[in-house]
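Residue-level structural notes
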Amino acid sequence: MASRPSRFPHLTDRRLPTFAIASAVVVYGLIIFGSYVRVTESGMGCPDWPLCKGNIGPIYEFHALMEQVHRYIAALATVLVLATMLLALRIRTRPAAIRPAIFTAGVLVLQVVLGAVTVFAGNSAPTVAAHLLAGLALLAGSTITAVCTLVPRHETPGPRLGSGVWVAISAAGLLYLSGSLIVNAEAEEACASFPFCPADQPGRLVALHLVHRGIAVLAGIALFAFAIHAWRRWSVQRGARALAATLAALVVATAALGIISALLKAPPDLQNLHLAGAAAVLTTSVALASLGWLTGADYFTFIARD
């Protein structure tokens, strides 16, 4: 019995990051496929829950199939997220991963409940909004957990991150949220021009677009500043520059997709690519911020400069 602690840590150490990364990837896929379900107006493809029109297997009707596949992905995410939490609690070689793993598991349970309530409520606006917010928290939590299983936490006596990083993360979340609200309001085609909207469109829908575009400009500035900051100041941290360059590229690509989608009157495939890009921006910015927080990048940079 005494030999067990020395035999198993190396095995479980590999399992924890493997499950955590798999969880983050599947959760990202869940969020993107959920966006596709909304874009294709398939949210009520299955009027019951957890079955779909009384079936557990494949449904041979487009909207029902889309919704049921979304539920299958959610089931896989549930298994992976719960397994990650249990491994984090059991192993404890990465204590920084324990709290985000528990948080992610709790949000996932809430997300499943909200998904069921959304179906029973007929996709009402409040339940859809709550489901969306939980999805954002789930994506952030799984990303943080994955990074925490890969990067050891360094102790620092001062603040780990500067205020600009928190502004950038908040901006990325607002950017994705405002874009998703446009889809939920079925307002995608209300602003088929750039940078302003046609004058003959409903004012409420135009306002949604203009708010989203304003957030996109401010978020783009904040995220670019964050990427430049990480590239210049966090270069000694392994992976920081790669994430910073990826973040900058994703911001540009997502903005371009948004403009092209607007000019082409928001075809569903481009809408989904645009939302996928926004989710990737959020994921990458959270991953980069998590890396900086765990290593105390801003604190040690400040000390080195001082």
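Below you will find a few notes about this structure.

Definitions and cut-offs
- Residues numbered from 1 in each chain as written.
- Predicted model: local features only at pLDDT ≥ 70, side-chain atom pairs only at ≥ 80, totals over all residues.
- Heavy atoms only, no water.
- Core = buried A, V, L, I, M, F, W, Y, C linked by side-chain atoms within 4.5 Å.
- Buried < 20%, exposed > 50% of the residue type's maximum accessible area, 1.4 Å probe, protein only.
- Helix = DSSP H or I, 4+ residues; strand = E, 2+ residues; numbered from the N terminus.
- Contact = heavy atoms within 4.5 Å.
- Axes fitted to C-alpha atoms, helices over the stretch in contact; angles between N-to-C directions.
- Parallel < 35°, antiparallel > 145°, perpendicular 65-115°, else oblique.
- Left-handed = near helix turned anticlockwise from the far one by under 90°.
- Nonpolar A, V, L, I, M, F, W, Y, C, P; charged D, E, K, R; others polar.
- Phe/Tyr/Trp six-rings, centres within 6.5 Å; stacked < 30°, edge-to-face > 60°.
- Patch = residues over 30% accessible without salt bridge, like charges linked within 9 Å, V, L, I, M, F, W, Y side chains within 5 Å.
- Areas by Shrake-Rupley, 256 points an atom, 1.4 Å probe, with all protein chains shown as cover.
- Salt bridge = Lys/Arg side-chain N within 4 Å of Asp/Glu carboxyl O.
- Expected span 1.5 Å × (residues − 1).

Observations concerning the nonpolar core
Counting 65 residues, the largest nonpolar core has Tyr 176, Leu 223, Phe 226, Trp 234, Leu 247 and Leu 288 as its most contacted members. With twelve residues, the single largest contributor to this core is helix H9 (residues 268-295). Here Leu 247 is in contact with Leu 223, Phe 226, Ala 227, Val 281, Thr 284, Ser 285 and Leu 288, once residues within four sequence places are set aside.

Focus on the packing of helix H8 (residues 240-263) against H9
Between H8 and H9, the shortest axis-to-axis distance is 9 Å and the interhelical angle comes to 160°. As far as their axial angle goes, H9 and H8 are roughly antiparallel. For the element pair H8 and H9, the recorded crossing hand is left-handed. In terms of residue class, the contact of H8 with H9 is built from 16 nonpolar, nine polar and no charged.

Describing unusual backbone geometry
For Arg 92, which is not glycine, the phi dihedral falls at a positive 60°. As for its position among the elements, Arg 92 is in the loop between helix H3 (62-91) and helix H4 (98-120).

A few points about the packing of aromatic side chains
On inspection of all chains with the given rule, the structure shows one aromatic pair. Ring centres of Phe 226 and Trp 234 lie 5.9 Å apart, and the angle between their planes is 75°; this geometry places the pair in the edge-to-face category. As far as the burial class goes, Phe 226 and Trp 234 line up, both buried.

Here's the deal with a nonpolar patch on the surface
A surface patch of nonpolar side chains, about 270 Å² in accessible area, is lined by Ile 21, Val 25 and Leu 150. Owing to a relative accessible area of 55%, Val 25 belongs among the exposed residues under this scheme.

Brief notes about the pattern of salt bridges
As enumerated under the stated definition, the model contains two salt bridges in all. Among the ionic pairs, Glu 67 bridges to Arg 71, the shortest N-O distance being 3.4 Å. Taken as a pair, Glu 67 and Arg 71 lie in helix H3 at a separation of four residues, close to a single helical turn. Under the relative-accessibility criterion, Glu 67 is labelled buried at 8%.

Section: H9
Over its 28 residues, H9 extends 41 Å from the first C-alpha to the last, a length consistent with the 40 Å expected when each residue adds 1.5 Å. Counting buried residues along H9, 24 of its 28 residues qualify, which places the element largely inside the surrounding structure. With its phi angle positive at about 60°, Gly 296 sits one or two positions after the end of H9.

Quick word on the environment of Val 37
Counting through the fold element by element, Val 37 comes out in helix H2 (residues 9-39). The sequence separation of Val 37 and Met 66 amounts to 29 residues, and the corresponding C-alpha distance is 6.2 Å.

Description of the environment of Ala 207
Counting through the fold element by element, Ala 207 comes out in helix H7 (residues 203-233). Placed ten residues apart in sequence, Ala 207 and Cys 197 show a C-alpha to C-alpha distance of 9.2 Å.

Things to note about the packing of H3 against H4
Where H3 meets H4, the closest approach of the two axes is 8 Å, and the angle between their N-to-C directions is 155°. If you check the angle between H3 and H4, you find them roughly antiparallel. The two elements H3 and H4 cross, and the hand of that crossing is left-handed. Along its contact with H3, which presents Arg 71, Ala 77, Thr 78, Val 81, Leu 82, Met 85, Ala 88 and Leu 89, the element H4 presents Ile 98, Ala 101, Ile 102, Thr 104, Ala 105, Leu 108, Val 112 and Val 119. Of the residues assigned to the contact of H3 with H4, the class counts are 13 nonpolar, two polar and one charged.

Spatial relationships are all this shows, so hold off on functional conclusions.
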